[in-house]
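# Commentary on secondary and tertiary structure
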Amino acid sequence: MRVYIGPYYKWWGVYQTVDLLQKIGVSEKTCEDIGDWICENTPAEDFFNWIHELKGERKVKVRIDNYDTWSMDNTLAHIILPMLKQLKETKHGSPLVDDEDVPPHMRHGDPNEHDNWIHYKWDWVLNEMIWAFEQELDDSWEDQFRHGEPDYEFIHVSGEIGTESEMNEMIQTNPDYWVDRDGIKEYNNRIDNGFRLFGKYYRNLWD
């Protein structure tokens, strides 16, 4: 995979130019009035629009190799995880999160008001997304649910020994070894929920 995604082009127009006068003491209101006059009485705004069109679209180049899709979920996780972490650190706002997507103790606040609970809920959702993608990149997370060391023994089941018809069954013989399958299921459910939240709030992943 080879990816190049350039920065967004910064818009620059009449008002941005006039605002430079504030550095020499011109008030913000006066700069706004000057900008209004220029836009109404000159072709300056059309000129800036023309310049912006010349810049073209944001530069995006993506090359996908065959091996990128052998385990596409893992490949994407390498990209998505650091982006989610950066978004959490640099975001300047929070979208509304449905109460059904957060724990009961976080279901507070009027969704029409910009109180701190809006930010708490969004941080919780982002943390769950980040955690889920971290597990996607951790091949050993199931080890925490295995207790003791397994000891296997092959038992002859059928067929003639030493021929292609021979059938053996592998049996775990250490009574101290056990797997917390309920724990694995609960853990997987949390991972799936993190990915569900990523899909549901995908269009809210902005800074």
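To start, this report covers the structure provided alongside it. Only a predicted model underlies this, so the values are computations on that prediction, with no experimental measurement involved.

### Here's the deal with the nonpolar core
Counting residues in each nonpolar core, the largest one holds 17 residues, and the members touching the most others are Leu84, Trp122, Val125, Met129, Phe133 and Tyr201. Breaking this core down by element, the ones donating at least two residues are helix 4 (72-90), helix 5 (116-136) and helix 6 (181-200). Top element by residues in this core is helix 5. It accounts for six residues. Filtering out sequence-adjacent residues up to four positions away, phenylalanine 133 remains in contact with Ala77, Ile80, Leu81, Leu84, Phe195 and Phe198. In terms of nonpolar packing, the next biggest core, distinct from the first, is built from seven residues, Ala132, Phe145, Ile184 and Tyr187 among them.

### Regarding the packing of helix 4 against helix 5
As a packed pair, helix 4 and helix 5 sit with axes 9 Å apart at the nearest point and diverge in direction by 145°. As for the relative orientation of helix 4 and helix 5, their crossing is left-handed in sense. Where helix 4 abuts helix 5, its residues Asp73, Asn74, Ala77, Ile80, Leu81, Leu84, Lys85, Leu87 and Lys88 lie against Leu126, Asn127, Met129, Ile130, Phe133, Glu134 and Glu136. Residues that form the contact of helix 4 with helix 5 fall into these classes: nine nonpolar, two polar and five charged.

Conventions adopted
Residues numbered from 1 in each chain as written. Predicted model: local features only at pLDDT ≥ 70, side-chain atom pairs only at ≥ 80, totals over all residues. Heavy atoms only, no water. Core = buried A, V, L, I, M, F, W, Y, C linked by side-chain atoms within 4.5 Å. Buried < 20%, exposed > 50% of the residue type's maximum accessible area, 1.4 Å probe, protein only. Helix = DSSP H or I, 4+ residues; strand = E, 2+ residues; numbered from the N terminus. Contact = heavy atoms within 4.5 Å. Axes fitted to C-alpha atoms, helices over the stretch in contact; angles between N-to-C directions. Left-handed = near helix turned anticlockwise from the far one by under 90°. Nonpolar A, V, L, I, M, F, W, Y, C, P; charged D, E, K, R; others polar.

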